[in-house]
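Listed below are the residues making up each chain.
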Amino acid sequence: DAKTTQPNSMESNEEEPVHLPCNHSTISGTDYIHWYRQLPSQGPEYVIHGLTSNVNNRMASLAIAEDRKSSTLILHRATLRDAAVYYCILRDTGTASKLTFGTGTRLQVTL
Amino acid sequence: DTAVSQTPKYLVTQMGNDKSIKCEQNLGHDTMYWYKQDSKKFLKIMFSYNNKELIINETVPNRFSPKSPDKAHLNLHINSLELGDSAVYFCASSKATHTEAFFGQGTRLTVV
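Treat the numbers as computed from the prediction; the structure is a model and nothing was measured. (Residues numbered from 1 in each chain as written. Chains lettered and ligands numbered in written order. Predicted model: local features only at pLDDT ≥ 70, side-chain atom pairs only at ≥ 80, totals over all residues. Heavy atoms only, no water.)

All names here are of chain B. Applying the stated criterion to the full structure yields 7 salt bridges over all chains. With a shortest N-O distance of 2.7 Å, D30 and K71 are connected by a salt bridge. You can see D30 sitting in the loop between β3 (19–25) and β4 (31–37) and its partner K71 sitting in the loop between β7 (64–70) and β8 (73–78), a full 41 residues away along the chain. Classification of D30 as partly exposed rests on a relative accessible area of 24%. Its salt-bridge partner being D85, residue R63 comes within 2.8 Å of it at the nearest N-O pair. Here D85 lies in the loop between β8 and β9 (87–94) and R63 lies in the loop between β6 (53–57) and β7, a separation of 22 residues in the sequence. In this structure R63 comes out as buried when scored by relative accessible area, which is 13%. (Salt bridge = Lys/Arg side-chain N within 4 Å of Asp/Glu carboxyl O. Helix = DSSP H or I, 4+ residues; strand = E, 2+ residues; numbered from the N terminus. Buried < 20%, exposed > 50% of the residue type's maximum accessible area, 1.4 Å probe, protein only.)

This is the structure we're talking about:
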């Protein structure tokens, strides 16, 4: 599985935008970039995914570099409820495709 | 309605016992998974089933046996429980093998 690298932790003020970076220099052409988050004492939750173009949904935006070797998850206005561990995961489209979780970025949101 | 539900939520048992964790999804998905999250919070896939067929079987002791009676259910049976099996076990499902996964709330297993 291609590897991703994320900062261990980040802090943000409430109501501010948050940019969570992810490096994936060994990404292959068939790898999708997925983001999940895990709130305290809960199961992981899907956030967003993309292949080449930037993506938006009700939760976040995903900005993908032109060479696809990095991406950024953007939370437009962080709230206290966004405090979680955010995982950037590469996932191919094969039959035995799996989500391989790394250590993620722990996002702290303060008032 | 909970999309992916696991029972029980908490399980405390003695070493050597056999226990099962049940998982059900009402999303009509074809693929289901079991993940283990250890005390250091690492999430690792254990098994994946697609249309009731096992497609991923990571390096898991054969004391762990998944059973999928139908596409909506994937149960996990664990024999001869050991202290190191203590963890949170998450069930998940997805429409296909590569699409977004929906996770249950987890089962916290404590072996004493």
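The next subject is the interface of chain A and chain B. For interface size, the figure often reported is the accessible area lost on association. Every contact between the two is made by 21 residues of chain A and, on the other side, 19 residues of chain B. Roughly 1600 Å² is buried in total at the junction of chain A and chain B, and carbon and sulfur atoms are behind 56% of that figure. Taken together, chain A and chain B are joined by 1 salt bridge. When the shortest N-O distance is used, the salt bridge between B:E58 and A:K98 registers 2.9 Å. Our count for the contact surface shared by chain A and chain B stands at 6 residue pairs in polar contact (both at pLDDT 80 or more). Residue assignment for the side of chain A that touches chain B shows that the elements contributing at least two residues are β3 (32–38), β4 (45–50) and β8 (84–91) of chain A. (Contact = heavy atoms within 4.5 Å. Buried area = accessible area lost by both parts, 1.4 Å probe. Polar contact = N/O pair within 3.5 Å; in protein donor to acceptor, adjacent residues only side chain to side chain.)

Membership of the largest hydrophobic core comes to 21 residues, with the highest contact counts inside it found for A:I33, A:W35, A:L73, A:L75 and A:Y86. For this core, the elements supplying multiple residues, two or more each, are β2 (18–23), β3, β4, β6 (61–64), β7 (70–75), β8 and β9 (105–110) of chain A. No other element matches the 4 residues that β8(A) contributes to this core. Grouped together as the second largest cluster of nonpolar side chains are 20 residues, B:C23, B:M32, B:I78 and B:V111 included. (Core = buried A, V, L, I, M, F, W, Y, C linked by side-chain atoms within 4.5 Å.)

As a further point, take the sheet that holds strand β1 (residues 4–7) of chain B. Strand pairing within a sheet occurs via backbone hydrogen bonds; the two strands may be parallel or antiparallel. Residue and element names in this part refer to chain B. With antiparallel pairing, 4 strands are arranged side by side in an open sheet as β1-β3-β8-β7. Either end of the sheet is taken by a strand with one partner, and the two such strands are β1 and β7. Pairwise comparison of adjacent strand axes, ignoring direction, gives a mean angle of 20° for this sheet. (Pairing = 2+ DSSP bridges. Axes fitted to C-alpha atoms, helices over the stretch in contact; angles between N-to-C directions.)

Moving on: the pairing of β7(B). Residue and element names in this part refer to chain B. As paired elements, β7 and β8 share 5 bridges and run antiparallel to each other. Within the sheet, the bridge partner assigned to K67 lies in β8 and is N75. Counted along the chain from β7 to the antiparallel partner β8, the turn is 2 residues long.

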